[in-house]
Structures are given as structure tokens and as C-alpha cells.
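Topology and contacts: notes
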Amino acid sequence: MQLSVSGYNIEFGDAAEKLAKFLEDKDYSTISVLVDNNTQLHCLNRIKDAISPHNVITITEGEQHKNIETTKKIWSSLLIAGADRHSLLINLGGGVIGDMGGFAAATYMRGIDFIQMPTTLLSQVDASVGGKLGIDFSGLKNLVGLFHNPQIVIIDSNFLNTLPLEELKSGYAEMIKHALIKDKYMWSDYIANNIWKDNLSNKHLRDSVNIKRNVVIEDPYEKGLRKILNFGHTLGHAIETHSFNTDHPLLHGYAIALGMIGESYISNKVQGISTLELEQIKKYILSIYKIDTIHYQDIESILSHMKHDKKNKAGDIMISLLQTIGDCTYDIKIDEGLIRESLEYTLNA
């Protein structure tokens, strides 16, 4: 299975086979593979025989390491391995590996080729598609980055067998988002069947990726329509960033799940999404995600983080909202009072 995006393909299937086919007519001077401790242990063996002599760069897993210091280590490892402008970097891992590895590749010697090979559900349906790359800086998520496309994205559902249940749930939040913003029939399928746990298939992955693909093709640099992909993320990123400063940091998808409840509430107040749809969204999300580490006393901290969101404009908080399930709009200015109200609604859910 294959989807085409501007300038590259997204391939679905056996990772080693797809990688070997991609490399057969290439002549890279060096090949490096970026992994974290988990993907080195569980995923590297699946592809290493498909690669000629290569250099393995291992970093510590976790969003807290997606920073300039780790990026320096990647650049240094590439330099030590003799990587030049004719080299390749394969990013084998989740969203942190893809974001930071792509950023390191795109900036090393003004840019070398890289491949995204996502191994988590979150990165397969979201982070690996669209060319967004970056690192966190000064405590703010993805503050430094750029748009740059990989040579190819290879999605192998077999990698999902290595994931704990919590990581699958985290990735599934992005699939929920795709359905809510663009496909009411997909949403109906999700709520009628236990997709995330028992029935996740290559077709579900492809259909979810295809939603993001179509949006990215129409708006590659997030000047308009692509902003709908931020649904749930303005609140969600602020909740996630706040949680990093506590003893209970949230996985990305869990924070986005809360963000989608809050932004659905705002959609109900501003855009007219029905109360019935709002309650359906809240009930379904809470049936999967149990989060009891964010409380009322955290609201002011969350609001403070929202004021630094890179989607803001002239100090105004701008978010994407549902008009109905399957139809999303963007660039809606929201006042602080309504945001506080939405957080109270979310935390009282």
C-alpha cells in the first residue's frame, strides 16, 4: 500500500523490504540509524539486514530529551561517522526520534537525506507525515524547527506489537482527532467498535494517515486548512507542558484527549456543535483515557503555557474548532474566560 505526498511516498508494509527496495538504486556515502534505547532493543533487528554497513546513533527516549543538547549529540555522531552531504539518516522510533532526527538531518551541512520509519502508533498516524520537524526549547514544545520532507516514510504495523497499551492509547488520540475534524463515518466506526484495542488494522492506519495527507497536500506550510490538524492541541499542548513540571508527566495523546474535550466544549459555545455531539465526544474519550493528575489548581499554569503557543497571533489565542463532527474550522480567537471555563468543564468530566 502506498500514499503519495508532495515530493515523497508513504509506504505501508514490511519495513525491511520497503527499505531494501528504496536503497537498491541509491549510493549514499554513509548511512546512520537514529534510535532510542527502546527501538534499539525492539525494532533495529527488523531492518538492520536491509542496510549496508551503517552507524547506529542511540539517544535516551522521552520528550524531555528533545532539545538542543541531544541534537548536538546527533550532529557530533554524524560528524564522527564521516557523514557528508551525500549521507542518509534513518529515523527509527516515535515522534521524538522523527521530529529531532529530521531536524538534525535537515540542518546538518545544510541538509542531508533522511527517512522516517515511525514505530509508535502516534508517530505513524501523525508525526511522520507532513514534514514538520523541530525540538523543544526553553520549556516550550517544538519552539525551534522547520518544514522539510523526508525521502520516504515507511509504516510497518508490526512495530506496534512492541508497544505497551498506554502508548497505543496515546497514538489513538490522533486517530480520534482525524475522524472528528474530517470524517464522521470514521468517527461512527470508532465509537461502534473497539478499534484501538482489538481491531486496529493497516486499513485503519492508512485511512487515518490519508486524512492528514490530504490536508498537508492542500496546505503544506500551515497557512490555512492545515491548522485544523491542531484541533485539541492548543489546550492539549499546554496541559502536556504543565504536566512535564509535575511528578506525573502525561503521554502526548492523553493530553490531547483532554484538549479535545475542552475544545469541543468551546466549539459548542462558539461554533454551534450540538450538545449531543459534545457529550458523545466526552463520553467516548473518557471511556479510554483515565486522567486524574490534572486538577483545578493547575488551570492558571495551563493558561500561562497557552499564552506562549506558537499558533497565537498578536497575543491572541487562536484555536481550531468543530462546526460539527467531521467539519472543522480554524483561526478562531478565544478569550481567556472561555478557555478557563473549558478547562473547568474538562477537569470536572
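Report follows, based on the coordinates. (Residues numbered from 1 in each chain as written. Predicted model: local features only at pLDDT ≥ 70, side-chain atom pairs only at ≥ 80, totals over all residues. Heavy atoms only, no water.)

On the secondary structure map, Gln 124 appears in helix H5 (residues 121-127). You can call Gln 124 buried: its relative accessible area is 0%. A polar contact is formed between the side chain of Gln 124 and the backbone oxygen of Pro 118, at a distance of 3.2 Å. At a separation of 3.1 Å, a polar atom in the side chain of Gln 124 contacts the main-chain carbonyl oxygen of Asp 156. Residues in contact with Gln 124, not counting those within four places in the same chain, are Pro 118, Thr 119, Val 129, Ile 155, Asp 156, Ser 157, Phe 159, Leu 160, Leu 205 and Val 209. (Helix = DSSP H or I, 4+ residues; strand = E, 2+ residues; numbered from the N terminus. Buried < 20%, exposed > 50% of the residue type's maximum accessible area, 1.4 Å probe, protein only. Polar contact = N/O pair within 3.5 Å; in protein donor to acceptor, adjacent residues only side chain to side chain. Contact = heavy atoms within 4.5 Å.)

For the pair helix H6 (residues 165-182) and helix H7 (residues 184-192), interaxial distance at closest approach is 6 Å and the crossing angle is 135°. One way to sum up the angle between H6 and H7 is to call them oblique. Residues Tyr 172, Met 175, Ile 176, Ala 179, Leu 180 and Lys 182 of H6 form the contact with H7, whose participating residues are Lys 184, Met 186, Trp 187 and Tyr 190. Counted by class, the contact of H6 with H7 contains eight nonpolar, no polar and two charged residues. (Axes fitted to C-alpha atoms, helices over the stretch in contact; angles between N-to-C directions. Parallel < 35°, antiparallel > 145°, perpendicular 65-115°, else oblique. Nonpolar A, V, L, I, M, F, W, Y, C, P; charged D, E, K, R; others polar.)

So, on to the sheet that holds strand E3 (residues 31-36). Pairing is mixed across the open sheet formed by seven strands, whose spatial order is E1-E2-E9-E6-E5-E3-E4. Among the strands making up the open sheet, the edge pair consists of strand E1 (2-5) and strand E4 (55-59). Ignoring strand direction, the axes of neighbouring strands in this sheet form an average angle of 20°. Pairing geometry for strand E5 (residues 88-93) and strand E6 (residues 113-118), over six bridges, is parallel. Of the residues in E6, the one forming a bridge with Leu 92 is Met 117. Contacting E3, E4 and E5, helix H3 (residues 68-80) runs over the sheet at an angle of about 165° to E4. (Pairing = 2+ DSSP bridges.)

Over its twelve residues, helix H10 (residues 233-244) extends 16 Å from the first C-alpha to the last, a length consistent with the 16 Å expected when each residue adds 1.5 Å. Those residues of H10 not exposed but buried are His 233, Thr 234, Leu 235, Gly 236, His 237, Ala 238, Ile 239, Glu 240, Thr 241, His 242 and Ser 243. Residues of H10 that are buried make contact with strand E8 (140-147), H6, helix H11 (252-270), helix H13 (299-306), strand E10 (317-324) and helix H14 (336-347). (Expected span 1.5 Å × (residues − 1).)

Let's shift gears to empty space enclosed by the protein. Enumeration according to the criterion identifies two cavities of 30 Å³ or more in this entry. Forming the boundary of the largest cavity are 13 residues, of which Lys 141, His 237, His 305, His 308 and Asp 309 lie nearest the centre. Contributing elements (two or more residues each) for the lining of the largest cavity: E8, H10 and H13. With four residues, the single largest contributor to the lining of the largest cavity is H10. Computed from the structure, the second largest cavity encloses a volume of approximately 50 Å³. What lines the second largest cavity is simply Asn 91, Gly 93, Gly 94, Gly 95, Gly 98, Gln 116, Met 117, Pro 118, Ser 123, Ala 127 and Ser 128. Ranked by the residues each element gives to the lining of the second largest cavity, the list is headed by E6, at three residues. Here the lining of the second largest cavity is composed, by residue class, of three nonpolar, eight polar and no charged. (1 Å grid on protein atoms, 1.4 Å probe; cavity = no way out; pocket = protein on both sides within 12 Å on 5 of 7 lines; lining within 4 Å. Points joined across faces, edges and corners; volume = space filled by probe spheres on them.)

Turning our eyes to something else, we now look at the pattern of salt bridges. All told, the structure shown has 19 salt bridges when counted by the stated rule. Here Lys 282 and Glu 279 are joined by a salt bridge, their closest N and O atoms 3.3 Å apart. Separated by three residues within a single helix, Lys 282 and Glu 279 lie in helix H12 (residues 275-288), roughly one turn from each other. By relative accessible area, Glu 279 is classed as partly exposed at 34%. Here the salt bridges share partners, and the residues they tie into one network are Glu 63, Lys 66, Asp 99 and Asp 136. (Salt bridge = Lys/Arg side-chain N within 4 Å of Asp/Glu carboxyl O.)

Turning our eyes to something else, we now look at the environment of Asp 99. In this fold, Asp 99 is placed in helix H4 (residues 95-107). Along the backbone, Asp 99 and Ser 208 are 109 residues apart, and their C-alpha atoms lie at a distance of 20 Å. Discounting chain neighbours no more than four positions away, the residues touching Asp 99 are Lys 66, Ala 127, Lys 132, Leu 133, Gly 134 and Asn 142.

Just distances and angles here, no functional claims.
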